[in-house]
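# Residue-level structure breakdown
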Amino acid sequence: DIQMTQSPSTLSASVGDRVTITCRASQSLSSWLAWYQQKPGKAPKVLIYKASYLESGVPSRFSGSGSGTEFTLTISSLQPDDFATYYCQHYDSYSRMYTFGQGTKLEIK
Amino acid sequence: EVQLLESGGGLVQPGGSLRLSCAASGFTFSTYAMNWVRQAPGKGLEWVSVISSSGVITNYADSVRGRFTISRDNSKNTLYLQMNSLRDEDTAVYYCAQDGGRGELSYWGQGTLVTVSS
């Protein structure tokens, strides 16, 4: 089974900072890689699909990149609403199974 | 507007059973694969199960295979999760989520809490 490992687990940053979260896979992936934002008590919200495509309605300060075993989510200029937990997710199109990373909590410095 | 509304959660003893439902609206339910994802208190997201649009194809996480059964009724726009032989570690908020067709889960319900405890 593919394992997804996010780093860091916790990230402290300030409004206006540029931040990057990394997701590493235990083996090379297709481009079926998505990123989600989750706030306490709420359901996750998709930000990025197919590694680099911005979901409709998501601010352009969010971007995704990567291929193979390493993928990144970048927030170009942190806004107060961005402090949340972020998850990467891989989709195996053969088994139709999803695998999530363990999450990265983005905190206010 | 896409809406997914889960129900059926609650407190159940270890070894017990529970059936979750997810009522869908705002999209053509019968044309989308659907999933269940859970989140234990204070923990990350764990994918549980998927069902194809027709209901013919299903798959499960190893942690629930043989105990949980996913199903759907396209005439009622409803997704189900039958959970048997429940364990303490099944305690979680259970979300239903629409497969967006691009490797992502596009829409999520608000979740329903299942607590397994004696």
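The preceding data block contains the structure.
Please read all numbers here as calculations on a predicted model, not as lab measurements. (Residues numbered from 1 in each chain as written. Chains lettered and ligands numbered in written order. Predicted model: local features only at pLDDT ≥ 70, side-chain atom pairs only at ≥ 80, totals over all residues. Heavy atoms only, no water.)

A few words now on the state of the cysteines. Applying the stated criterion across every chain yields a total of two disulfides over all chains. Two residues share a disulfide in this structure: A:C23 and A:C88, whose sulfurs sit 2.1 Å from each other. Handedness here is read from the sign of the S-S torsion; for A:C23 and A:C88, about 65°, the answer is right-handed. One end of the pair, A:C23, is in strand 3 (residues 19-29); the other, A:C88, is in strand 8 (residues 85-92), and 65 residues separate them in sequence. One exposure class covers both A:C23 and A:C88, and it is buried. With its sulfur 2.0 Å from that of its partner, B:C22 forms a disulfide with B:C96. Where B:C22 bonds to B:C96 through sulfur, the torsion about that S-S bond is close to 50°, and the disulfide is right-handed. Here the residue B:C22 occupies a position in strand 3 (residues 18-25), and B:C96 occupies one in strand 9 (residues 92-99), the gap between them amounting to 74 residues. (Disulfide = S-S within 2.5 Å. Helix = DSSP H or I, 4+ residues; strand = E, 2+ residues; numbered from the N terminus. Buried < 20%, exposed > 50% of the residue type's maximum accessible area, 1.4 Å probe, protein only.)

Bringing the pairing of strand 5 (residues 45-51) of chain B into the picture now. Residues and elements named next belong to chain B. The element strand 5 is extensively covered by neighbouring structure, given that six of its seven residues are classed as buried. When strand 4 (residues 34-39) meets strand 5, the two strands line up antiparallel, connected through six bridges. By the bridge assignment for strand 5, N35 is matched with V50. Two successive antiparallel strands, strand 4 and strand 5, enclose a turn made up of five residues, where G42 displays a positive phi of approximately 75°. Where strand 5 and strand 6 (residues 58-60) come together, three bridges link them in antiparallel fashion. In the sheet register, S49 faces strand 6, and the bridge partner there is Y60. The hairpin turn running from strand 5 into strand 6, its antiparallel successor, is six residues long, and G55 in that turn takes a positive phi close to 90°. (Pairing = 2+ DSSP bridges.)

Residue and element names in this part refer to chain A. Following S7, the chain continues into P8 via a peptide bond in cis, with omega recorded as -5°. You will see that K50, though not glycine, has its phi angle at about 50°, which is positive. One can find K50 in the loop between strand 5 (45-49) and strand 6 (53-54). Exposure remark for K50: the relative accessible area of 29% places this residue in the partly exposed category.

Residue and element names in this part refer to chain B. Ordered in space as 1-3-8-7, the four strands form an open sheet in which the pairing is antiparallel. Looking at strand neighbours, the two that pair on one side only are strand 1 (3-7) and strand 7 (68-73), the edges of this open sheet. Averaged over all pairs of adjacent strands, the angle between strand axes in this sheet comes to 15°, irrespective of strand direction. Two elements, strand 3 and strand 8 (residues 78-83), share six bridges in a ladder whose sense is antiparallel. Residue R19 lies in a different strand from strand 8, and its bridge partner there is Q82. (Axes fitted to C-alpha atoms, helices over the stretch in contact; angles between N-to-C directions.)

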